[in-house]
Every structure is written in C-alpha cells, then in structure tokens.
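Overview (structure and organization)
These are the residues of each chain, in order.
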Amino acid sequence: MDVSVYMAEWIGRLVGYLGLKDDEDTLLSAWKALFAAANSIKKDDLEQFVSPLRKAVRSVTENLSDDENVPGFCLPKGISPMLPIFQHGILNGNADVREQAAIGLGDVMKHTSVDALKPFVTQITGALIRVMGEKFTWNVKAGILQTLLILVTKMTIHLKTFLPQLQRTFIKALSEPSKEATIVRDRAAKCLSVLISLLTRLDPLVVELSQGIRGTDDRGIREAMWEALFGLIQGCVNGREISDASKKIVESLLSEGIRGEDYDDGTRIVAAKCFGPFCKYLSKDEAKRLINTYIIRPALLNSVTKVELHGIILSVHSILVELPMFFETEGLSSSLVEVLQQCIA
C-alpha cells in the first residue's frame, strides 16, 4: 500500500499535536512520528509539502501571542523535522513556494525558544542570505526579510559571524528599485536598525547611508535610507557612539533633508523625524547650536521658503517629542513661540 498519498495529512495532524501543553507523552510520540515521516520524504518531493506544512504551522500558532512558544518546537531538535522542507522550498522552489517557505519558517522561529533555535541559526541564516543575493521578485524578498527580521530580533547575539553579510544584504535591499518594493525597503530598514546593536563601528554605515541618500532620485529608496539612518541615530541615543566626522555628515544631511527644495514632502517628513533623536544624542551645547542654526535663526530672519518652513515645523515637533523640556530649560521658549508664529503666518 502506498502511504505517501496520506503524508501531507499526517504531517499536518502531527504538527498540530506539537501544540499540546498537558500531555507530554502524546507530544513526544507525535514529534517522533513527525521526525520519521519527514525523513521518509525523498528530496525531490520536499517542495510539495511546503504549503501543507505552512498551513499546519499557521494552525498551531495562530492563536498564540508573539512571545508564546509551541511546546513541541522547543524540544531538543524540535524544529528539525520541519526545517528540511522549508529550507528546500526557500532554496529550490518557484517564487511562490520560496515566499511561502520563508513565511512558514518565520512562524516556526517566532514560536520557538532561543535555546531550541540556537543549533539551527547557521543553517537558517545561510539559506536566507543566499536567496536574498539572487534575482527574485519583490514578494520573495519581502518574505525572506520578514523571516530575517524575526531572526535578527530573536537571535541577535548569536549572529555575530554573519554581521558583514547581513549588513550588505540589508543595505542592498534598501535600494530595491521596483515600484512594488516599498515593503522590501521598509523591512530592510527595520532589520538594519536591529542589527545596529551588534555592529562594532557605526561610522562606515553613516557614510554608506549618506551616499545612498544623496545618490538616488528615487523617492522610495531615499525614504528607506532615511528610515535606516533614523534607526542608527536611535542606536546612538541608546548608548552607541559615532565619530565627530560622522556627526558632521548627519548634520549636513539633516540640513539638506529639512531645507532641500528637491525633497518631496514624504522624504522631508522622514528626514525631520531624525532631528529630535539626533539632538537627544548630542551634548546640550551641540543640540542648542544645531537648533539655533537650522531652526530658530533661519525662521526668524524671514529667509526661508514655505518648503523650508515645513521642514522646520516638522523638526520642532520631533524635538518636542524627544526632548519636551529642552526649549524651556535652555532658554529658547520665546524663540520657539516666534518660530511657530512665523510658521503659521
């Protein structure tokens, strides 16, 4: 009797049993059966099980919170029966299979403990980076980045050996040119922001992002680069450091971002969002000089265009969010009132 026709259904049911919380014997028996079933599948047949497995994983995880784990996934080698199926789909499937495999693997990782996931980090990361380096449609890359975001967020300290490859992967994805690729660029910016805590030096990244911002006329790419810079500045607020030369680069970018006539409103909004966190990172004297130079003095001299006033008011909002008492404590309250009057005049 050919039992292979029932394999997809068996796998689905066995994965469901991995969610049992009060019956350890059944849980262990189900895992052993799943392990045996998965190992019996021929390599050439693995792809056809990606979709059934993803549905089974979604069924067992859909009612869980993001920080809640599936008991069977957290057993020693708990995810090993599922990993070959998803990995084969990621590396060898068509575009739809690759996307589904990546998302399914992400759902597994999200609900697996750090200790249980640790032995598989190298295997998983290598496969995801490899696919990101190939030419695939934006939806495949979006699925891969969604999974990489889960990985770098959950397993940050275990990814040090992959830092150069991950940084290159995320920077390249920030420049994804297709019109539909906004989600790719957004996820790449989020991944890079998480990675910042591990990078030894941030100065090369400041240079790379500044070149990306200045080197493109594509609005979507430019906004994604600014979002990544925002994540970098937030990293500085949280204890990281950049050199004086990098500070000058960021200051120059902020001046261009909030005052540049060739910037559209969307990009100006993202650029101005960086102003407050950057002031928060700087010393009080440096922040005060920055505010006087690019906010107060230009506005009060009536030497700015409506576009520049837009950037100024957005920057003021960013400062008030990050440093709500700064204008008052530094004696700038009356100047702020005058600036606001100028902006609404």
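Here the structure is a predicted model, which means the values were calculated and not measured.

**A look at the overall build of the protein chain**
Across its full length, the protein chain carries 19 helices and zero strands. Counting every position in the protein chain, which comprises 345 residues, the buried fraction comes to 52%. Per element, the accessible surface of the protein chain, about 16400 Å² overall, is 52% carbon and sulfur.

**Focus on the pattern of salt bridges**
Going through the model one piece at a time under the given rule, you end up with 14 salt bridges. Of the charged contacts, one joins Asp203 and Arg201 as a salt bridge, the two residues approaching to 3.7 Å between their closest N and O atoms. Take Arg201: its relative accessible area is 53%, and that puts it in the exposed class. A salt bridge links Lys247 to Asp244; its shortest N-O distance comes to 3.8 Å.

**Looking at the packing of aromatic side chains**
Counted under the stated rule, the structure contains one aromatic pair. A centroid spacing of 5.3 Å and a plane angle of 25° characterise the contact between Trp31 and Phe35, whose relative ring orientation is stacked. Of the two residues, Trp31 and Phe35 are both situated in helix H2 (residues 24-39); the distance of four residues between them amounts to about one turn of the helix. By relative accessible area, Trp31 is classed as buried at 15%. Lying over the aromatic face of Phe230, Lys273 brings its terminal NZ or CZ to 4.5 Å of the ring centre.

**Let's talk about the environment of Gly311**
Structurally, Gly311 is set in helix H17 (residues 306-322). Assessed through its relative accessible area of 0%, Gly311 is described here as buried. The spacing of Gly311 and Arg187 is 124 residues in sequence and 26 Å in space, taken between C-alpha atoms. Aside from chain neighbours lying at most four places away, what touches Gly311 is Ile258, Arg268 and Ala272.

**Section: a negative patch on the surface**
A surface patch of like charges, here negative, comprises Asp22, Asp23, Glu24 and Asp25. Residue position: Glu24 is located in helix H2.

**Some details on the packing of helix H8 (residues 138-154) against helix H9 (residues 163-174)**
Where H8 contacts H9, the axes come no closer than 13 Å and their chain directions differ by 140°. Overall, the two elements H8 and H9 adopt an arrangement that is oblique. For H8 against H9, the interelement crossing comes out left-handed. Facing Leu145, Leu148 and Val152 of H8, the residues of H9 in contact are Leu166, Phe170 and Ala173. Classifying every residue of the contact of H8 with H9 by side-chain character gives six nonpolar, no polar and no charged.

**A few points about helix H13 (residues 244-259)**
Between its terminal C-alpha atoms H13 stretches 22 Å, which fits the 22 Å expected from 16 residues at 1.5 Å a residue. Regarding H13, the residues found buried are Ser246, Lys247, Val250, Glu251, Leu253, Leu254, Ser255, Gly257 and Ile258. The inward-facing, buried residues of H13 contact helix H11 (203-214), helix H12 (219-237), helix H14 (265-273), helix H15 (275-281), helix H16 (284-300) and H17.

**Some points on the confidence of the model for the protein chain**
Per-residue confidence for the protein chain gives a mean pLDDT of 90; residues scoring 70 or more make up 98%. Least confident of the elements in the protein chain is helix H19 (residues 333-344), whose mean pLDDT is 84; most confident is H15, at 96.

**Thoughts on unusual backbone geometry**
A negative phi angle characterises most non-glycine residues, just as the trans form characterises most peptide bonds. At Lys77, a residue that is not glycine, the phi angle is positive and equals roughly 60°. Along the polypeptide, Lys77 turns up in the loop between helix H3 (50-61) and helix H4 (83-92). You can call Lys77 exposed: its relative accessible area is 58%.

**Here's the deal with the packing of H12 against H14**
Two elements in contact, H12 and H14, have axes whose closest approach is 9 Å; the angle formed by their N-to-C orientations is 10°. Put simply, H12 runs roughly parallel to H14. Seen from H12, the contacting residues are Arg219, Arg222, Glu223, Trp226, Glu227 and Phe230; seen from H14, they are Gly266, Thr267, Val270, Ala271 and Lys273. A class-by-class count of the residues in the contact of H12 with H14 yields four nonpolar, two polar and five charged.

Cut-off values and rules
Residues numbered from 1 in each chain as written. Predicted model: local features only at pLDDT ≥ 70, side-chain atom pairs only at ≥ 80, totals over all residues. Heavy atoms only, no water. Helix = DSSP H or I, 4+ residues; strand = E, 2+ residues; numbered from the N terminus. Buried < 20%, exposed > 50% of the residue type's maximum accessible area, 1.4 Å probe, protein only. Areas by Shrake-Rupley, 256 points an atom, 1.4 Å probe, with all protein chains shown as cover. Salt bridge = Lys/Arg side-chain N within 4 Å of Asp/Glu carboxyl O. Phe/Tyr/Trp six-rings, centres within 6.5 Å; stacked < 30°, edge-to-face > 60°. Lys NZ or Arg CZ within 6 Å of the ring centre and 35° of its normal. Contact = heavy atoms within 4.5 Å. Patch = residues over 30% accessible without salt bridge, like charges linked within 9 Å, V, L, I, M, F, W, Y side chains within 5 Å. Lys, Arg positive; Asp, Glu negative; His and termini not counted. Charge placed at Lys NZ, Arg CZ, Asp CG, Glu CD. Axes fitted to C-alpha atoms, helices over the stretch in contact; angles between N-to-C directions. Parallel < 35°, antiparallel > 145°, perpendicular 65-115°, else oblique. Left-handed = near helix turned anticlockwise from the far one by under 90°. Nonpolar A, V, L, I, M, F, W, Y, C, P; charged D, E, K, R; others polar. Expected span 1.5 Å × (residues − 1). pLDDT = per-residue confidence, 0-100.

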